[in-house]
Amino acid sequence: MYERYHIHQEVTAPRFRPVPKFIIQRAGNCINCGKCERNCVYGVHMRRDDDPRRMADPLSQFCKDCFRCIAGCPQRALTISVGAEFTSLGSGGWTPQRVTTVWNESETGKVPVFGAGYRGMFSGPGYDAMWTDMSEIVRPTRDGIHGREHISTNVLICRNPPFLEFGPKGELLTPMAESIDLPVPFVFDLAALKESTKGIMQGLDQAAKELHTLLMVPVDKVEAYGMDLSSGRVVPIVGDDAGNEVSKMPEQVRFIELSDANRLKERVKAVRAARGGMIVGTRVKADAELESRLVDIACEADVIHVLFDEEGRESGGRYARDALRSYHKVLVKAGIRDEVTIIAGGGIAAAEQVPKSIICGTDVVSLDDALMVSLGCRMCHSCKGECPADLANAPSEYVKGRVVNMANAWRDQLLEVLGAMGIKEVRRLRGETGRAIFQEDAERDSFAGIFRGDVIG
Ligand code: SF4
Ligand code: SF4
């Protein structure tokens, strides 16, 4: 019987001290009238348990910056400011707002709501310089993204045949290759995680099981992480001796990744000899040379897993936003884009970046640092010292709960994007750059006439 894909989320409280964005302070001229308690719907202002005549210290972590208490205080006793600890969170593409947004998504599993509306920048580097075009606002039904009409977030990992051949009776002659159907367009890449305790790895494995997605794991770490290749959700990353490694794997392993694209033809051949039908992917670092090698790689590997750096850039070069569009075009021009699957990872720091990456030409997005941030990581890069999130001791249940919640919030935001575009399956979004507005195009269209084309091109 058909069952609609559903992610079961459950509130998973953080194991770390909250970092409030806004700091509310109450001055000494407060007369304890309690107006702020009545005005704040978020529970920031409460009376003291031990002395209800007096106000307790504000619980700033719940403040949504709506200003009601400030405006309503007869004594002008309240002030609000952005906290210094908050502004110190994150690094690179992980802005303080992104870190805390992922924390909240991982706690509740819900799409974030910004109480006083979005007040951030409207442009920035990389994916921030593109906007998804939701101007059609074609809701599939009136009852929203979880309504009667289904929007599919399923993606396939496979090698597609270039064309289908049929016999005289209409029978399919083209042999169909192995394929993996994922209900969400993201996988977990565990090869580059900052912390890799057994608790974290077990939790990620349980989360992948709940979500029906995959985990990329270096083959020599599978046992140490307590994972089981026969679960079918582990994608082993193998090195030079790929053929030999694959011959020892259980039949449930249907997809492997080569650690790099060196001696690609030879290694793919060895894997195919050891196990016909296996989906063979290769990990490739995004750099200035990749574009020129892409067609050759696509002729050998079924899946190309492109790895951008922590900031979502080719090493020292273009942002994924620009690089992916170029890669996509190169493969389209060579007539083989539909034959291969592209997975892109590195620098994904927000839900909205998943559809943006897909619009730029990706089939599937791999998550790495986002998994750590969901557990409380601040991206402060002081892991060797004292980790404020105590990641090393994170139990697997906590890891599973937080990551599943984040995945649910991210999928719901993807559904919002697809629903507002009137697109009923995420696979149709791939490479659809017409579904986005790019900053340079908008600037050119708006200002080139005025400034005689001197606007960025
Ligand atoms: S409204 Fe102002 S004066 Fe009244 S309890 Fe709140 S802070 Fe104090
Ligand atoms: S600014 Fe708004 S949310 Fe924040 S404490 Fe005051 S009333 Fe509550």
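Residues numbered from 1 in each chain as written. Chains lettered and ligands numbered in written order. Predicted model: local features only at pLDDT ≥ 70, side-chain atom pairs only at ≥ 80, totals over all residues.

The helix and strand tally for the protein stands at 13 helices and 14 strands. Its C-alpha atoms put the protein at 85 × 60 × 50 Å along the principal axes. The buried share of the protein, reckoned over its 457 residues, is 40%. Sequence separation of at least 24 residues holds for 67% of the intrachain contacts in the protein that already meet a minimum separation of 6. (Helix = DSSP H or I, 4+ residues; strand = E, 2+ residues; numbered from the N terminus. Buried ≥ 20, exposed ≤ 12 C-beta atoms within 10 Å, placed from the backbone. Contact = placed C-beta atoms within 7 Å.)

A few words now on the site of ligand 1. In the vicinity of ligand 1 lie 14 residues, with C30, C33, K35, C36 and C73 positioned nearest. Looking at the shell around ligand 1 residue by residue, the class counts come to 9 nonpolar, 3 polar and 2 charged. (Near = placed C-beta within 6 Å. Nonpolar A, V, L, I, M, F, W, Y, C, P; charged D, E, K, R; others polar.)

Right, let's talk about the domain arrangement of the protein for a bit. Splitting the protein by domain gives domain 1 (22–86) and domain 2 (155–428). Taking only C-alpha atoms, the centre of domain 1 and the centre of domain 2 are 46 Å apart. (Domains from an automatic or database assignment.)

Our next topic: helix α8 (residues 290–300). What α8 keeps buried is the set L290, L294 and A298. Down the axis, α8 shows its buried residues gathered within 75 degrees of arc, on one side only. Lining the buried residues of α8 we find β10 (279–285), β11 (303–307) and α9 (320–333). (Arc of directions from axis to C-beta.)

To continue, consider the sheet that holds strand β8 (residues 234–238). The strand order around the closed barrel formed by 8 strands is β6-β7-β8-β9-β10-β11-β12-β13, and the pairing between neighbours is parallel. Taken pair by pair, the neighbouring strands of this sheet meet at an average axis angle of 30 degrees, ignoring direction. In this sheet, β10 lies alongside strand β9 (residues 255–258) in parallel orientation, the contact comprising 4 bridges. The residue of β10 that forms the bridge with F255 is I279. (Pairing = 2+ DSSP bridges. Axes fitted to C-alpha atoms, helices over the stretch in contact; angles between N-to-C directions.)

Time to look at the packing of helix α4 (residues 96–108) against helix α12 (residues 396–421). Between α4 and α12, whose axes approach to 6 Å, the crossing angle comes to 105 degrees. The orientation of α4 with respect to α12, classified from their angle, is roughly perpendicular. Between α4 and α12, the contacting residues are V102, E105, S106, E107 and T108 on the first element and R402, N405, M406 and A409 on the second. Across the contact of α4 with α12, the residue classes tally to 3 nonpolar, 3 polar and 3 charged. (Parallel < 35°, antiparallel > 145°, perpendicular 65-115°, else oblique.)

For F67, which is not glycine, the phi dihedral falls at a positive 75 degrees. In this fold, F67 is placed in the loop between α1 (35–39) and α2 (68–72). A tally of 13 C-beta atoms within 10 Å means that F67 is categorised as partly exposed. Of note, the phi angle at D390 is positive, near 50 degrees, even though the residue is not glycine. Along the polypeptide, D390 turns up in the loop between α11 (369–374) and α12.

On to the site of ligand 2. Surrounding ligand 2, one finds 14 residues, the nearest of these being C40, V44, C63, C66 and C69. The element contributing the most residues to the shell around ligand 2 is α2, with 3 residues. Of the residues belonging to the shell around ligand 2, the class tally is 10 nonpolar, 1 polar and 3 charged.

Turning our eyes to something else, we now look at the nonpolar core. In terms of nonpolar packing, the biggest core is built from 109 residues, with F188, L204, L215, M216, I256 and L418 touching the most fellow members. Per-element tally for this core: the top contributor is α12, with 13 residues. In this structure, L418 is in contact with I151, I423, V426 and L429, ignoring residues within four places of it in sequence. Among the nonpolar cores identified, the runner-up in size contains 8 residues, and C40, V44, C69 and L78 belong to it. (Core = buried A, V, L, I, M, F, W, Y, C linked by C-beta atoms within 7 Å.)

As a further point, take the packing of α8 against α9. In contact at an axis separation of 10 Å, α8 and α9 are set at 50 degrees when each is read in the N-to-C sense. What the angle tells us is that α8 and α9 run oblique. The element α8 and its partner α9 pack so that their crossing is right-handed. Only S326, Y327, V330 and L331 of α9 make contact with α8, whose side of the interface consists of E291, L294, V295 and A298. Residues that form the contact of α8 with α9 fall into these classes: 6 nonpolar, 1 polar and 1 charged. (Left-handed = near helix turned anticlockwise from the far one by under 90°.)

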